[in-house]
Amino acid sequence: MDGVLIPTLVSGLLLGSLYALMASGLSLIWTTLGVFNFAHGALMTLGAYIAWTVSEQLGLGLAAGFVAGIGAAVIAGVLIELLLVRPFYGNRNMMLITVMTTLAASTILERGISMIWGPRLKQLPRTLDGQVNLLGAPVSAHEALIIVLAPAVLLALWWYTGRTLSGRSLRAVGQNRSAAALLGIDVPRTFSLAFGLSAALAGLTGVLLGSIRFVTPGLGADPLVNAMIVVIFGGLGSLGATAGAAYVIGLLEALLVLWLGLYWTPSVLFVALILVLVFRPNGLFGKAA
Amino acid sequence: MTRNRSLFALAALVLLALVPAVVTDSYTRHIFIIAFIYGTVAVNWDLSLGLAGLFNFGHLAFFGIGVYTAAILTTALDLSPWLAIPAGGLTAALAALLIALPVARLQGIYVVLVTFAFGQLCMQVVLSQGDLTGGAEGLVRLPYLRIGDYSFIRDFRFGYYYVALGLLTVSVVALLLLARSPFGKSLRAVRDNPDYATARGISVARQRVLVLCASAVFTGIAGGFYAIYLRVASPEVFGFSVATLILSMVLIGGAGSILGPVFAALALTFATEAMAGIRGLEEARFIVVAVAMILVLRIAPAGAIDIFGRLLAPRRKS
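Read on for a plain summary of the structure. Positions within a chain are numbered from 1, following the residues in the order the chain's sequence is written. Following the order in which they are written, the chains are lettered starting with A and the ligands numbered starting with 1. Where local features are concerned, this predicted model is filtered to residues with pLDDT of at least 70; where side-chain atom pairs are given and counted, the filter is 80 or more; whole-chain, interface and lining totals use all residues. Calculation of side-chain values draws on the structure's entire complement of heavy atoms; hydrogens and water are dropped beforehand.

**Concerning the overall build of chain B**
Going by this rule: Every helix listed is a DSSP run of H or I at least four residues long, and every strand listed is a run of E at least two residues long, numbered separately from the N terminus. Here the radius of gyration uses the C-alpha set of atoms, whereas the globule reference equals 2.2 Å times the residue count to the power 0.38. For every residue, the accessible area (1.4 Å probe, protein chains only) is compared with the maximum for its type, and the residue is labelled buried under 20%, exposed over 50%, or partly exposed between those bounds. When checking whether two residues touch, look at their non-hydrogen atoms; a contact exists if any pair is within 4.5 Å.
Scanning chain B for helices and strands turns up 14 helices and 4 strands. Radius of gyration (C-alpha) of chain B: 19 Å, near the 20 Å computed for a compact globule of 318 residues. Each principal axis of the C-alpha distribution contributes one length, and for chain B these read about 55 × 45 × 40 Å. Of all 318 residues assigned to chain B, the portion counted as buried reaches 54%. Contacts in chain B between residues at least 24 apart in sequence constitute 76% of all its contacts with a sequence separation of at least 6.

**As for unusual backbone geometry**
All names here are of chain B. A positive phi angle, near 55 degrees, is found at aspartate 78, a position not held by glycine. Within the secondary structure, aspartate 78 sits in the loop between helix 3 (59-76) and helix 4 (81-103). On the basis of relative accessibility, which here comes to 68%, the residue aspartate 78 falls in the exposed class.

**Examining helix 11 (residues 265-279) of chain A**
As a reminder of what qualifies: To estimate how far a helix should reach, multiply one less than its number of residues by 1.5 Å.
The end-to-end C-alpha distance of helix 11 of chain A is 22 Å, a good match for the 21 Å that 15 residues give at a rise of 1.5 Å each. Residues of helix 11 of chain A that are buried: Thr265, Pro266, Ser267, Leu269, Phe270, Leu273, Ile274, Val276 and Leu277 of chain A. Tucked inside the fold, the buried residues of helix 11 of chain A contact helix 9 (221-234) and helix 10 (239-260) of chain A together with helix 4 and helix 5 (109-128) of chain B.

**What to know about the pattern of salt bridges**
To keep things clear, this is the line we draw: Salt bridge criterion: a side-chain nitrogen from Lys or Arg within 4 Å of a carboxyl oxygen from Asp or Glu.
Here the structure, examined in full by the defined rule, presents 2 salt bridges over all chains. A salt bridge links glutamate 81 of chain A to arginine 86 of chain A; the shortest N-O distance between them is 3.0 Å. A residue is classified by how much of its surface remains accessible, and arginine 86 of chain A, at 25% relative accessible area, is partly exposed. Across the pair aspartate 192 of chain B and arginine 191 of chain B runs a salt bridge whose closest N-O atoms are separated by 3.0 Å.

**Section: the interface of chain B and chain A**
The test is simple: A 1.4 Å probe defines the accessible area here, and the buried area is the portion of it lost by two parts on being joined, summed over both. Under the rule applied, a polar contact is a pair of N or O atoms within 3.5 Å (in protein, one hydrogen donor and one hydrogen acceptor; residues adjacent in sequence only if both atoms are side-chain atoms).
Across the contact, 39 residues belong to chain B and 40 residues belong to chain A. Together chain B and chain A conceal approximately 3,900 Å² of surface at their shared face, both sides included; 78% is due to carbon and sulfur atoms. Ranking the residues of chain B by area buried against chain A places Ile109, Tyr110 and Leu113 of chain B at the top, with a combined share of 16%. One can count 0 salt bridges joining chain B with chain A. At the boundary of chain B and chain A, one finds 1 residue pair in polar contact (both at pLDDT 80 or more). Of all the elements in the fold, those that place two or more residues in the side of chain B that touches chain A are helix 4, helix 5, helix 11 (240-253) and helix 13 (284-299) of chain B. Sorting elements by how many residues they give to the side of chain B that touches chain A places helix 5 of chain B first, with 13 residues.

**Here we look at a nonpolar patch on the surface**
Residues and elements named next belong to chain A. Convention followed: Two distance rules govern patches: like charges are joined within 9 Å, and nonpolar side chains (Val, Leu, Ile, Met, Phe, Trp, Tyr) within 5 Å, applied only to residues with over 30% relative accessible area and no salt bridge. Working definition of accessibility: Shrake-Rupley area with a 1.4 Å probe, residue cover restricted to the visible protein chains.
Together, Val4, Val257, Leu258, Trp259, Leu260, Leu262, Tyr263, Trp264 and Val268 line one region of the surface with nonpolar side chains, adding up to about 870 Å² of accessible area. Considering each element in turn, the nonpolar patch owes the most residues, 4 residues, to helix 10. If you trace the backbone, leucine 262 turns up in the loop between helix 10 and helix 11.

Next up, the structure:
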């Protein structure tokens, strides 16, 4: 057991980092707009494909790929907000309607991607070559970078939303839209900002994931479900709770894979989730909505 | 429902029952059969989503459970398809009971997330239990539906056509009766004003459990029939595409109207099949459906049929 426990924990950390990057993007939009973006996974996929095109097909290098992938995701995210979310502000059923429109957006993106790039598998190069030792377990440098990068990004996000004027305007709008408008905050611009930031996180996660897994049109679909489990578990309310839940789920998933194998892990995770919800309907760390 | 509309629905049913006399090629009949199956799934989704206002996004999981129940019972246990199809309704209702336990107490977005995740989980279970479900390849060569020596595939799918139409009719009539019953009224009360409904002694949680189970029964049976009719069960039934297609039927037909989604199912199945025949549109047709769904939500939230209603309304007054 000792020999496998450390690598398992490291792989749990890696999963947790990826989930935290995704789920924090979902949580950011939710706390600002009260919208759950089902196209988040498709934005990840888009980022990975654009990065592949720029870095491999055009041969401009991975750094350019990163910028282009994240940029494309941001543009798509802002467009989604503009075309599919903004028209429904103030609608009584806004939350439900935007679930459907973003779901449609994810179909459009996913099918569009598969029409443009075809079904052939693609893979992005790793950001860093070689291996490093993490707690005595050998990990590829790329994965180690993700494990280090995720908390740094989360910390930056926490600093941004808590300490800067434009970041705090996001929270102000989320807490009380009319009061925020009275204070002179440009509310529609803040909504675009939230969507753009969240899409940037999605794009980043997609590009990072694209060199661990094959890039396929469904790249983002699987992680999205896990990120959903994370946000149900942690509650959508705060960045800290979401990030905490991401690491809990990541580690739990890695341990379950070790104990029960790959096949039963999703089911056991889901049953655990149901149990949590039966006793705590607002999530493990959540407060009443 | 007004008398006009029930007469209209009855006329449509008579027309559909007469279709096989006119349409004799098996491809067109095939599209009708698929449309009847999708229509059954769509009206039952309308029961939970439209009528009861429950944000259920895992409805296709009930369909998929029906598909796999019939497929596994007929292949692994050699059960007759006549028993395997209704068994799909039973297992789907049991699954609905399981998912209703947490959903009964959840609010808003969490209902969406849990039901959605449930659908995805079903797909993962099917993919991972390859010994029983055939994994990604699915189960193939399921037995035909037959009475004695007569196979329902014969005479250009004559038998399947009427079984599918019968299933849709029974399901729609059951839902219409249910919608007019005190239970149906209590569902609408819970949807429109949950606090007032609670104050009048309606248990929101209990109605949610009941409506989920009720909507799963015919959906599961439709799934069982779908598997036996196509003779395959594949994990795609749990995927995004089918769910988006059927959701668009509910929305374009008008959520909460029961009859609307039936007509939308017929129209959309024919439209998407026609597009599938055009080169280059095989993938694009899903994009077209998604865009249509967004436009309907934007322009006519009560469904496309409502547009015609609104166009006719002023004339009636004058």
